[in-house]
Amino acid sequence: MHQGPRRSASLAGDAIDLFAMAPSAMVICDRQGVIRRFNHAFARLVGWTGKEAPAGSKFASLLSRPSQFVFGSQVLPVLQLSGAVDEIELDIVGSDGQSHAVLLSCVQLTEADGTWLHYFSLTSTKARRVYEREQLAARSQLERKQEYLDLAEKLARVGHWHVDLRTRESFWSPEVYVIHGLDPHTTTAPSLDNIIGLYHADDREAVRTIIGASIGNHQPFAFQKRLAASAGRGVRIVEASGLVELDASGQAAGVFGVLRDVTDMVKARRDLETSE
């Protein structure tokens, strides 16, 4: 979508300090590409020690020859057309002759007098890749933990669920679907009212009363009730416990619960009592 030139903020006062202290290398150029201002991170990147750029220094002249071509063909035309460019990989050459791979993003901002400036932000691709690897590792670790949780729930025949009382949306862990005899791939977690409807007809009102009271008084709940028979499954006995989540104002915002299938355990206990 065409964004067009944007109006810049003043470079005076606090804005200068924020620009100077920005962690990313930043540089401002005029229409001719001459560097008007740069921050500390940019000075470190290119090896400049003074507070002013060498006279007549152009940003493009700091790039490697291949990157100068990319800058002229992929950055400037797009910048002038849309007012912004995101993450173009370039090589910038420092005063020591060392080349540094960076990701360049920029915007074109219009000054009060109608002239415009280019604001460039440069991020080291090495730092970016480290960040992306850390994000990927964190995501993988989270996924493994979720897999372990799902396995633990499956072995214990315990599942967990959550209902958002504001949106009425609900979430079921995989084992809750199994306990209810439903396929998580073809079934959407039902609303709280429909969840109660999955219980045995003789137990529904009691379940509704227990959970309703918990929402009203913000106290935890626990009960053992029967699930209605479903296709290919007889009546199941479950233990449910949970608590009410409160928002910042102290109002009930959600319900979190744990569901456990205790059918076999209850049957075994009853058989033992009968045999005695």
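Reading the values: the criteria
- Residues numbered from 1 in each chain as written.
- Predicted model: local features only at pLDDT ≥ 70, side-chain atom pairs only at ≥ 80, totals over all residues.
- Heavy atoms only, no water.
- Helix = DSSP H or I, 4+ residues; strand = E, 2+ residues; numbered from the N terminus.
- Buried < 20%, exposed > 50% of the residue type's maximum accessible area, 1.4 Å probe, protein only.
- Contact = heavy atoms within 4.5 Å.
- Polar contact = N/O pair within 3.5 Å; in protein donor to acceptor, adjacent residues only side chain to side chain.
- Core = buried A, V, L, I, M, F, W, Y, C linked by side-chain atoms within 4.5 Å.
- Pairing = 2+ DSSP bridges.
- Axes fitted to C-alpha atoms, helices over the stretch in contact; angles between N-to-C directions.
- Salt bridge = Lys/Arg side-chain N within 4 Å of Asp/Glu carboxyl O.
- 1 Å grid on protein atoms, 1.4 Å probe; cavity = no way out; pocket = protein on both sides within 12 Å on 5 of 7 lines; lining within 4 Å.
- Points joined across faces, edges and corners; volume = space filled by probe spheres on them.

Asks: Would you mind going over the overall build of the chain with me for this structure?
Replies: Each helix and strand counted, the chain has eight helices and eleven strands in total. Taking all 276 residues of the chain together, 35% fall into the buried category. Residue pairs in contact within the chain that sit at least 24 positions apart in sequence constitute 44% of those at least 6 positions apart.

Asks: It is not clear to me how the side chain of Ser170 should be interpreted in this structure. Could you clarify?
Replies: Structurally, Ser170 can be placed in strand β8 (residues 170-172). A polar side-chain atom of Ser170 sits 3.2 Å from the main-chain carbonyl oxygen of Ala189. At a separation of 2.4 Å, a polar atom in the side chain of Ser170 contacts the main-chain carbonyl oxygen of Pro190. Apart from the residues within four sequence positions on either side, Ser170 is in contact with His162, Val163, Ala189, Pro190 and Ser191.

Asks: Could you clarify how one ought to interpret the nonpolar core in this entry?
Replies: Grouped together as the largest cluster of nonpolar side chains are 26 residues, with contacts concentrated most on Val27, Ile35, Phe42, Phe59, Ile92, Phe120 and Leu122. Of all elements in the fold, only β2 (25-29), β3 (35-38), α2 (40-46), α3 (65-82), β4 (84-93), β5 (99-110) and β6 (116-124) reach the threshold of two or more residues within this core. In this structure Phe59 touches Val27, Cys29, Gly33, Ile35, Phe42, Phe71, Ile92, Leu104, Phe120 and Leu122, once residues within four positions along its chain are discounted. Core analysis: the second largest hydrophobic core is formed by 21 residues, Val163, Ala189, Phe221 and Val255 among them.

Asks: Which parts of the structure should I look at to understand the sheet that holds strand β10 (residues 236-246)?
Replies: A sheet is described by the order of its strands in space; here five strands give the open sequence β8-β7-β11-β10-β9, paired in antiparallel fashion. Both edges of this open sheet fall to β8 and β9 (221-227), since each of them pairs with a single strand only. When the angles between neighbouring strand axes are averaged without regard to direction, this sheet yields 20°. The sheet contact formed by β10 and strand β11 (residues 252-261) spans nine bridges and is antiparallel. What sits directly across from Leu246, in β11, is Ala252. Each of β9, β10 and β11 is contacted by helix α7 (residues 204-217), which is oriented at about 160° to β9, the strand it contacts most. Each of β9, β10 and β11 touches helix α8 (residues 263-275); the most contacted strand, β10, lies at about 130° to it.

Asks: Sorry if this is basic, but what is going on with the pattern of salt bridges here?
Replies: Where charged atoms from two side chains of opposite charge come close, those side chains can pair. Scanning all chains against the criterion turns up five salt bridges. With a closest N to O distance of 3.6 Å, Arg166 and Asp164 form a salt bridge. According to the relative accessible area criterion, Arg166 is exposed, its value standing at 59%.

Asks: Honestly, empty space enclosed by the protein in this entry has me stumped. Any pointers?
Replies: Unoccupied space between atoms shows up once a probe the size of one water molecule is rolled over them. One pass over the structure, following the stated rule, counts one cavity of 30 Å³ or more. Roughly 90 Å³ of volume is contained in the largest cavity. Lining the largest cavity are 13 residues, with Trp161, Ile195, Tyr199, Ile211 and Leu259 sitting closest to its centre. Contributions of two or more residues to the lining of the largest cavity are made by α6 (192-196) and α7.

Asks: What am I meant to see in the layout of surface pockets here?
Replies: The space that makes up the largest pocket amounts to roughly 270 Å³. Contributing to the lining of the largest pocket are 14 residues, with Arg37, Phe38, Asn39, His40 and Lys51 lying nearest its centre. At the level of secondary structure, the elements contributing two or more residues to the lining of the largest pocket comprise α1 (14-21), β3 and α2. If one sorts the elements of the lining of the largest pocket by residue count, β3 sits on top with four residues.

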